[in-house]
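The chain contents come next:
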Amino acid sequence: MAALLQQIVSGLSTGGVYASLALALVLIYQATGVVNFAQGEMAMFTTYLAWTMINAGWPYWAAFAATLAIAFAAGVLIERVIIRPVENAPVLTIVMVSIGLLTIFNSIAGWIYTYTVKPFPSPFPSTPINLGPTTISLQDLGVGGVSLFVLVVMYVFFRHTTLGLAMRAVVENPVGSRLVGIRVGWMLALGWGLASLVGAVAGMLVAPLVFLEPNMMSGILIYAFASATLGGFNSAGGAVLGGFLMGVIENLVGTYVTFIGTELKLTVALAVILLTLLIKPTGLFGRVAVSRV
Amino acid sequence: MAALLEASNLEAYYGWSKVLHGLRFAVEKDKVTVVLGANGAGKTTLLRAISGMIRTGGEIRFAGERIDGQAPEDIVRRGIAHVPEGRGTFINLTVEENLRLGAYVRKDKTGIREDLDRVFHFFPVLKEKSRNPAGVLSGGEQQMLALARGLMLRPRLLLLDEPSLGLAPVLVMELFRIVRAINESEGVTVLLVEQDAVAALELAHQAYLLETGSIVTSGPAAELRENDSIRRSYLGY
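Structural notes, computed from the coordinates. (Residues numbered from 1 in each chain as written. Chains lettered and ligands numbered in written order. Predicted model: local features only at pLDDT ≥ 70, side-chain atom pairs only at ≥ 80, totals over all residues. Heavy atoms only, no water.)

This part covers unusual backbone geometry. All names here are of chain A. Phi angles above zero are rare outside glycine, and Thr-114 is one such case at about 60°. With respect to the element layout, Thr-114 can be found in the loop between α4 (91-113) and β1 (128-131). Residues other than glycine seldom take positive phi values, yet Phe-211 does so here, at roughly 70°. Structurally, the position occupied by Phe-211 is in the loop between α8 (184-210) and α9 (217-231). On the basis of relative accessibility, which here comes to 40%, the residue Phe-211 falls in the partly exposed class. (Helix = DSSP H or I, 4+ residues; strand = E, 2+ residues; numbered from the N terminus. Buried < 20%, exposed > 50% of the residue type's maximum accessible area, 1.4 Å probe, protein only.)

Structural data, given as structure tokens:
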């Protein structure tokens, strides 16, 4: 029982990372109807920037904050410069552009930083602390806590600010949004900026666990896809919950289904995607898309 | 009498096809102006041309300044609220959120709060349902929400696109009564496009008759009500 609880708690911690990246995917999907395949590589690249700053002697949290600012600005810039020209193109075109971005970020990271695996510092010590019947490391608690904090900030932003409201309006009805004076293009760019920021958080939190290298996010991205699919691609809250669920599922399956071990870990994510699509294609909290004609 | 909005030689296009053929009309300040016309006459297009949603030719002046060729989001900022056909509310957002979006371009927080109370006073049903998603409102309530959202801009000019569409006659009367009250007590100039000629001519001061993209008749609403040919084709008695 204690072992089970242990697995669940530590699953929630990695789940926070999946939840953050899943939220990033959903933010862009809702605004543009397109899945941004480059989300993981954008997070990886920003994590390298954080690594550069920390290596140059910056304190961890200063580098963290600066990286978030750069990630946000880069997200906005990518939308304005690269995505905007294809904004009205067929979905397939935009998907191809995002796959192109994926390759570009991956290669540039490899070119600048080489493919050698690098350690990335964690701001949290791995000291275990006792929580009733289970113990949890400060590392797990920190990762879970930071991602939860970011997700709560995002929630407050979307629910309780005028800008957040405007972004939700654009998702639902771009034409109606323009009629009340919302600058739709900038809202889309803002969406990319926020997605990139949330992705950067995920990258920096997960880097100490998986180590820093250009392909470090590929597995995480698939888990984020599974999270968003499980929770529902058109429900931000659902995707976040799906992220935490995926963290727990991953841990439980890894522990109790012995033949899976670490080699078949990605299969778990793909199985979740497949099962969700077969049983409830909209995900746990997704809505069936209704369009008025 | 001063015209708040003036159009001359106004043309509008969907792609390459021209739907408005050189219209000239004026909306007088503090008055209700109606454009009557059958389906496909170009009524909706006319409003879309004013709010910058489609490509136009000719000239549109609002309060003396040219606004043709500007983007919808800039035209809203001049104080023109467009209440689109088919209501155009945000059905997944709550009633109150819809209303707040109506005031999106305004910065005066206290004024917005006052106006929220004001529209709740005009439309008590919206206050009751302020926390519900707009999608659960009835057709009449959604039309009221659309109108209320337009008012949240504190507009100088309100563009109404067939508010009577799909509503029971008693609701149309109610809605038009509110539009008149808004026009009289708040000094909001109204440009209304309608098929329901009886109700619209009752409400309006000035009227235009639009047929396949051209204005065929215009004059004071009272005169048009007496005009035989209009009576036969639009009023049906």
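Under the defined criterion, the tally for this structure stands at 14 aromatic pairs over all chains. Ring plane angle 15° and centroid distance 4.3 Å describe the contact between Tyr-48 of chain A and Tyr-113 of chain A, whose orientation is recorded as stacked. Of this pair, Tyr-48 of chain A sits in helix α2 (residues 39-55) while Tyr-113 of chain A is found in helix α4, placing the two residues 65 residues apart along the sequence. We note that Tyr-48 of chain A, like Tyr-113 of chain A, is buried. An angle of 50° between the planes, with centres 6.4 Å apart, marks the rings of Phe-122 of chain B and Phe-123 of chain B as tilted. Seen from the ring of Tyr-13 of chain B, Arg-55 of chain B lies directly overhead, with NZ or CZ sitting 4.5 Å from the centre. Here Arg-55 of chain B stacks its cationic end above the ring of Trp-16 of chain B, 5.5 Å away from the centre of that ring. (Phe/Tyr/Trp six-rings, centres within 6.5 Å; stacked < 30°, edge-to-face > 60°. Lys NZ or Arg CZ within 6 Å of the ring centre and 35° of its normal.)

A few words on the interface of chain B and chain A. On the chain A side, the residues contacting the 25 residues of chain B number 21 residues. For the pair chain B and chain A, the interface holds three salt bridges. Counting the contacts that link chain B with chain A gives six residue pairs in polar contact (both at pLDDT 80 or more). Broken down by secondary-structure element, the contributors of at least two residues to the side of chain B that touches chain A are α2 (72-76), α3 (95-102) and α6 (139-151) of chain B. Split into classes, the residues belonging to the side of chain B that touches chain A amount to eleven nonpolar, eight polar and six charged. (Contact = heavy atoms within 4.5 Å. Salt bridge = Lys/Arg side-chain N within 4 Å of Asp/Glu carboxyl O. Polar contact = N/O pair within 3.5 Å; in protein donor to acceptor, adjacent residues only side chain to side chain. Nonpolar A, V, L, I, M, F, W, Y, C, P; charged D, E, K, R; others polar.)

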